[in-house]
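Tertiary structure, described
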Amino acid sequence: QVQLVESGGGLVQAGGSLRLSCAASGRTFSIYAMGWFRQAPGKEREFVGAIRWSGGTIYYADSVKGRFTISRDGAKNTVYLQLNSLKPEDTAVYYCAASGGGPGYYRGEGYAYWGQGTQVSVSS
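The present account deals with the structure reproduced in this document. (Residues numbered from 1 in each chain as written. Predicted model: local features only at pLDDT ≥ 70, side-chain atom pairs only at ≥ 80, totals over all residues. Heavy atoms only, no water.)

1. Points about the pairing of strand β9 (residues 92-99)
Counting buried positions along β9 gives 6 out of 8 residues, so the element sits mostly inside the fold. In the sheet, strand β4 (residues 33-39) pairs with β9 via 7 bridges, with the strands oriented antiparallel. Each residue of the ladder has a partner; that of Ala-33, found in β9, is Ser-99. In the sheet, β9 pairs with strand β10 (residues 111-114) via 3 bridges, with the strands oriented antiparallel. The residue bridging Ala-97 from the neighbouring strand is Trp-114, located in β10. (Buried < 20%, exposed > 50% of the residue type's maximum accessible area, 1.4 Å probe, protein only. Helix = DSSP H or I, 4+ residues; strand = E, 2+ residues; numbered from the N terminus. Pairing = 2+ DSSP bridges.)

2. Quick notes on the pairing of strand β7 (residues 68-73)
Bridge analysis of β7 against strand β8 (residues 78-83) gives 6 bridges, and the strand direction is antiparallel. Along β8, the bridge assignment pairs Asp-73 with Thr-78. The hairpin turn running from β7 into β8, its antiparallel successor, is 4 residues long, and Asn-77 in that turn takes a positive phi close to 50 degrees.

3. Section: the sheet that holds β8
The strand order β1-β3-β8-β7 describes an open sheet built from 4 strands, whose pairing is antiparallel. A single partner strand is all that each edge strand has here, and the edge strands are β1 (2-7) and β7. Taking each pair of neighbouring strands and ignoring which way they run, the sheet shows an average axis angle of 20 degrees. Pairing analysis gives 6 bridges linking β1 to strand β3 (residues 18-26), with the strands arranged antiparallel. Opposite Leu-4, over in β3, you have Ala-24 as the bridge partner. (Axes fitted to C-alpha atoms, helices over the stretch in contact; angles between N-to-C directions.)

Below you can see the structure in the form of structure tokens.
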């Protein structure tokens, strides 16, 4: 089992920034990739981006490319999502998730473990 705990959400004005953290524990050796997702009220869950647990290429959804940045700290078993130039439409619950492998991780597929989510609210 892998446990994931997100933190760092909050209320911010449009144009502002936040940094979300996702700390992993448990069987972290089984993690192949980490992904970030978000779900706005009344909408389906949306894939935001992903990073290999060992590092390397990072993938982003077109809707956040250039504004959001995913990074990792291997020593802390933590993945981060830096949110810049936030817009009201970025308001959502943000989730991190862990994938044990599979070719579709960069498309948001194959994630077995999920955090509890953290709310990001952007006011206009």
